[in-house]
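This is what each chain is made of:
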Amino acid sequence: MFNKIIKRGQKKGSKQELIEPPNANPDVAPSVTVNHASRASIGSPAAIHQITVPNSGVVEILPALKEVPVADRHVLFIKKLQLCCVSFDFSEAMKNAREKEIKRQTLSELVDLVQSGSWKMNEIIQEEMIKMISVNLFRCLPPSSHENTGSTAGDGDDDDMYLEPSWPHLQMVYELLLRYVVSSDTDTKVAKRYLDHSFVLKLLDLFDSEDPREREYLKTVLHRVYGKFMVHRPCIRKAINNIFYRFIFETERHSGIGELLEILGSIINGFALPMKEEHKLFLVRALIPLHKPKSVSSYHQQLSYCIIQFVEKDFKLSDTVIRGILRYWPVTNCGKELLFLGELEEVLEVTQSSEFQRCMIPLFRQISRCLTSPNFQVAERALFLWNNDHIVSLMSQNRQVVLPVIFEALEKNVRSHWNQAIHGLTTNVQRMFHEMDSELFEECQKEYYEKESRAAELEEKRKLIWQRLERVAAQAGRDDMVMVN
């Protein structure tokens, strides 16, 4: 979707036309002037005309820019921008239908004009355009559906997906913002005065929108802003951090976690080496804890990609990542276990032997629990790890540690697991270890039988002790004693 949105309208005209304020006529004094509160006035006040914003719901049809003289286009362009500041009630489709269509057509014209690249905007127009974009985009989002039902974000059915009724207008506004950001004619030194930290933070707040179309545009716009405006990069990373913290430790409800992780995947891919401590802390404090929420399945693919990017950048982080995943391993959620096993396999594929040795004991303790899971899908997914050549190589190099940890689980599967497919897969794994080191396999088998024998002896002693206690109690003549067979 990134490329689909960005590629639209890349064709540019050969000649650029600068829309400037009309030259001041020394003989005719202007009637009114504009005072811009956000910055110092640019140019002569006599060259700047004030436009009155129309009342809500009252719009007029303005001529096309190409139909008016060049000297009047500055004023007309600002009029069109201010016309697009008018808000409408979209809860009723037929209410103000004519005015809505006029606004939509005006937005479409502005998008086409910016997209053509045949002209350049001066600073006044840029400021007015960002004001119009802010008026339309930065609004109170409606209550999320899960806030009323108590369900988790991401659990909703596609049929129940919320779609923003004003999208025909919002899409045009997003497209205008995107075209402005990606344009090669946009001077970052000028644009950052209007696309400031406050603007970027408000964009990030909109990621909680339930409309996937809006989140897709937000993802594309923010990605382009991050790439073009270096001054905003620390601010964006910190703000995403805070969104994740609030989601993990407070609400566990947010609609745009997946899209934010997609942006981060691209950001992480561009991290320079050696990696900064700030980025490593982000991995430990934000990304790894994202495995905790119940709704992890809705964004796990993007999260896993980010995690793998870190390990590929710095292989020494694999031990930290594996231990972090084990820390948040689910106890009763088989669906999450399947996701975690898949992610573990991806991490292990890029893990070197030195890091594998640091975490292999807790890792295979957890894998052994998965091997004996009554859910056959979890057990099967754990056994599929032995289909990966790199992981088998790591196991082979460290079989003296790995096999004793999982041998009991393999034996239990062969003896008592209810699923026949698990029996076959487990037998294949046992055969593989036997071929690696038959002496070690037989030694583990011997220790397992001895352990079973000791356990049987302890169980027999326990039964004898209880029987002796029952006889002593019976001889004491306790009438209220309850005998247990």
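Below is a summary of the structure that appears in this document.

Another point: the packing of aromatic side chains. The final tally for this structure, using the stated rule, is 14 aromatic pairs. Centre to centre, the rings of W167 and Y174 are 6.1 Å apart; their planes meet at 35°, and the pair counts as tilted. Taken individually, W167 and Y174 each receive the classification buried, so the pair is uniform in this respect. Between F376 and W418, the ring centres sit 6.1 Å apart and the planes meet at 85°, which makes this aromatic pair edge-to-face. Here F376 is found in helix α17 (residues 376-383), whereas its partner W418 is found in the loop between α19 (399-416) and α20 (420-436), with 42 residues between them in sequence. F376 gets classed as partly exposed once you look at its relative accessible area, which sits at 33%. Relative accessible area serves as the criterion here: at 55%, W418 is assigned to the exposed category. Three or more aromatic residues joined by ring pairs form one cluster here, namely F407, F441, Y448 and Y449.

A separate point is unusual backbone geometry. For the bond running from L273 to P274, omega is 0°, close enough to zero to count as cis. By the element assignment, P274 lies in the loop between α11 (257-269) and α12 (277-287). Phi is positive for N96, which is not a glycine, with a value near 55°. Locating N96 in the fold gives a position in the loop between α2 (70-83) and α3 (97-116). Given a relative accessible area of 27%, N96 falls into the partly exposed group. At E252, a residue that is not glycine, the phi angle is positive and equals roughly 55°. Mapped onto the fold, E252 is located in the loop between α10 (233-251) and α11.

The rules behind the values
Residues numbered from 1 in each chain as written. Predicted model: local features only at pLDDT ≥ 70, side-chain atom pairs only at ≥ 80, totals over all residues. Heavy atoms only, no water. Phe/Tyr/Trp six-rings, centres within 6.5 Å; stacked < 30°, edge-to-face > 60°. Buried < 20%, exposed > 50% of the residue type's maximum accessible area, 1.4 Å probe, protein only. Helix = DSSP H or I, 4+ residues; strand = E, 2+ residues; numbered from the N terminus.

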